[in-house]
Amino acid sequence: MLDNTAGSKRSVLQTIDCGAACDARCRLSSRPNVCKRACGTCCARCSCVPPGTSGNQDVCPCYYNQTTHGGQRKCP
């Protein structure tokens, strides 16, 4: 989706560097590879990663509300 306001073409949807965002999110994890894999999946779906190493769920509800088949939170 493109916004063509005032003659400029820019994406309305923000792009995010999921790798860098997940590196920051998972930097204190005891299992960083597992954390980065789960975070990367969630980031790709939501185009959002909450700031910090944990918490801040209100910043990115899509990221926070994803669950596994077992009903547990999917995203670190």
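None of these values were measured; they are calculated from a predicted model. (Residues numbered from 1 in each chain as written. Predicted model: local features only at pLDDT ≥ 70, side-chain atom pairs only at ≥ 80, totals over all residues. Heavy atoms only, no water.)

### A short note on helix α2 (residues 32–46)
Applied cut-off: Helix and strand definitions here come from DSSP, where helices need a minimum of 4 consecutive H or I residues and strands a minimum of 2 consecutive E residues; each element is numbered from the N-terminal end. By this rule, a helix spans an expected 1.5 Å times one less than how many residues it contains. Three exposure classes are used, based on accessible area relative to the maximum for each residue type with a 1.4 Å probe and protein chains only: buried under 20%, partly exposed in between, and exposed over 50%. The directions considered for the arc run from the helix axis to the C-beta atoms.
A rise of 1.5 Å per residue sets the reference length of α2, with its 15 residues, at 21 Å; its end C-alpha atoms lie 20 Å apart and thus fit the reference within 8%. For α2, the full list of buried residues reads C35, A38, C39, C42, C43 and C46. All buried residues of α2 lie within an arc of 135° about the axis, which places them on one face of the element. Across α2 from its buried face, at more than 90 degrees, point the exposed residues N33, R37, A44 and R45.

### Quick word on the environment of I16
Spelled out, the test is: The contact criterion used is simple: two residues touch if any of their non-hydrogen atoms lie within 4.5 Å.
As for its placement among the helices and strands, I16 is situated in the loop between β2 (10–11) and α1 (18–25). In contact with I16, other than residues within four places in its own chain, are A21, C43, S47, C48 and V49.

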